[in-house]
Amino acid sequence: MISSIEKIRLRYKKDAHFKKRLEELYRAMDSKYKAAADFYEFACTGCEDNCCFTRFYHHTFVEYFYILDGFEALEHEKRMEVKKRADEVCKKSNAADEKGAPVRLLCPLNIDSLCSLYQYRPMICRLHGVPHELNTPERGISRTPGCGYFMKQHKDKDYFSFDRSSLYLEMAKLERDFRQKAGALDKVKLTVAEMLSAYHF
Ligand code: SF4
């Protein structure tokens, strides 16, 4: 029997322009991020606090399905390895949650310090690291510092205004348009590990 998520994904596959819009948005993110990183001369070369250990949740169908597109493009053996890792991460996370223990597990896509789906990685993975700000009519400008590694290396440098507002807004519009088209009401709150563990071959 076809699940409701599979039905929603079929709609995503049918309307290729949602994927195209997401790819355009990712390009805009990469370019804005690069401008900020270049300003600070910041390059992430890996660190002990590796952000791939962070339990990031993702909230959009478009990003979820884009990750699955990338996953399906992997060669069979790699896909099996990633799936096994995802299952293990979910199992350990659930066990830790039951005990109320903190969870710090490496994303199943991080293999030998490289993201196996770098081109498909979600928004938060693209934007994490350098300080940023949000500008909303309700709250004005709110600033968030960079990651621990950034702050150690670059905290005394001049400030570069990396405003994520338009990027978030465009992501929200894209997701809203997709949900309207697909008639999708389900909430999304998934880690990459959960997305891949739930995948059925
Ligand atoms: S998707 Fe890639 S960049 Fe993001 S946490 Fe996983 S391995 Fe790291």
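Summarised in this report is the structure supplied together with it. Every chain is numbered independently, its residues counted from 1 as its sequence is written. pLDDT decides what is reported in this predicted model: residues at 70 or higher carry local features, side-chain atom pairs at 80 or more are listed and counted, and totals for whole chains, interfaces and linings draw on all residues regardless. Derived side-chain values reflect all non-hydrogen atoms in the structure, with water molecules and hydrogen atoms excluded from consideration.

### Thoughts on the packing of aromatic side chains
As a reminder of what qualifies: Only Phe, Tyr and Trp rings are paired, with Trp represented by its six-membered ring, and only when their centres lie within 6.5 Å; those with planes under 30 degrees apart are stacked, over 60 edge-to-face, the remainder tilted. Secondary structure elements follow DSSP: runs of H or I of four or more residues count as helices, runs of E of two or more count as strands, with numbering from the N terminus. Per-residue accessibility, obtained with a 1.4 Å probe over protein chains only, is compared with the maximum for each type, and a residue is labelled buried under 20%, exposed over 50%, and partly exposed between these values.
Tallied over the full model, the rule gives 19 aromatic pairs. With centroids separated by 6.3 Å and ring planes inclined at 85°, the aromatic side chains of Tyr12 and Phe178 adopt a geometry described as edge-to-face. Of this pair, Tyr12 sits in helix α1 (residues 4–14) while Phe178 sits in helix α7 (residues 165–182), and the two are 166 residues apart along the sequence. What makes Tyr12 buried here is its relative accessible area of 3%.

### Things to note about the site of the ligand
Formally: Whether a residue is near a molecule or strand depends on its heavy atoms: if one lies within 4 Å, it is near. In this count, Pro and Cys sit with the nonpolar residues alongside Ala, Val, Leu, Ile, Met, Phe, Trp and Tyr, while Asp, Glu, Lys and Arg are called charged and the others, Gly among them, polar.
Taken together, Cys52, Cys107, Leu109, Asn110, Cys115, Pro122 and Cys125 make up the full set of residues near the ligand. Partitioned by chemical class, the residues of the shell around the ligand number 6 nonpolar, 1 polar and no charged.

### Comments concerning the packing of α1 against α7
For clarity, the threshold we go by: Axis angles are defined between N-to-C directions and span 0 to 180 degrees, where every axis is a line fitted to C-alpha atoms and, for a helix, only to the segment in contact. These descriptions rest on fixed angle ranges, namely under 35 degrees for roughly parallel, over 145 for roughly antiparallel, 65 to 115 for roughly perpendicular, and the rest for oblique. Note on convention: the crossing is left-handed when the near helix lies turned anticlockwise from the far helix by less than a right angle, right-handed when the turn is clockwise. Between two residues, a contact is recorded if the distance between any of their heavy atoms is within 4.5 Å.
Packing of α1 against α7 leaves a shortest axis separation of 10 Å and a crossing angle of 110°. Compared by their axis directions, α1 and α7 come out roughly perpendicular. For the pair α1 and α7, the crossing hand works out as right-handed. The segment α1 lies against α7, with Ile8, Arg11 and Tyr12 engaging Phe178, Lys181 and Ala182. A per-class count over the contact of α1 with α7 returns 4 nonpolar, no polar and 2 charged.

### What to know about unusual backbone geometry
Here Glu41, not a glycine, exhibits a phi torsion of approximately 55°, which is positive. Considering the arrangement of structural elements, one finds Glu41 in the loop between α2 (16–40) and α3 (61–73). Here Glu41 falls in the exposed class, since its relative accessible area comes to 65%. Of note, the phi angle at Ser113 is positive, near 65°, even though the residue is not glycine. Note on placement: Ser113 falls in the loop between β1 (110–111) and β2 (114–115).

### Looking at the nonpolar core
The following threshold applies: Here, the term nonpolar core denotes a set of buried Ala, Val, Leu, Ile, Met, Phe, Trp, Tyr and Cys residues that are joined through side-chain atoms within 4.5 Å.
Within the largest apolar cluster, 43 residues are counted, with the highest numbers of intra-cluster contacts made by Met29, Phe61, Phe65, Val130, Met171, Phe178 and Leu196. Taken together, the elements giving at least two residues each to this core come down to α1, α2, α3, α4 (76–99), α5 (123–127), α7 and α8 (192–197). Here the element with the most residues in this core is α2; it accounts for 9 residues. With near-sequence residues (within four places) excluded, Val130 lies in contact with Tyr33, Ala36, Ala37, Tyr40, Phe42, Gly146, Phe150 and Phe162.

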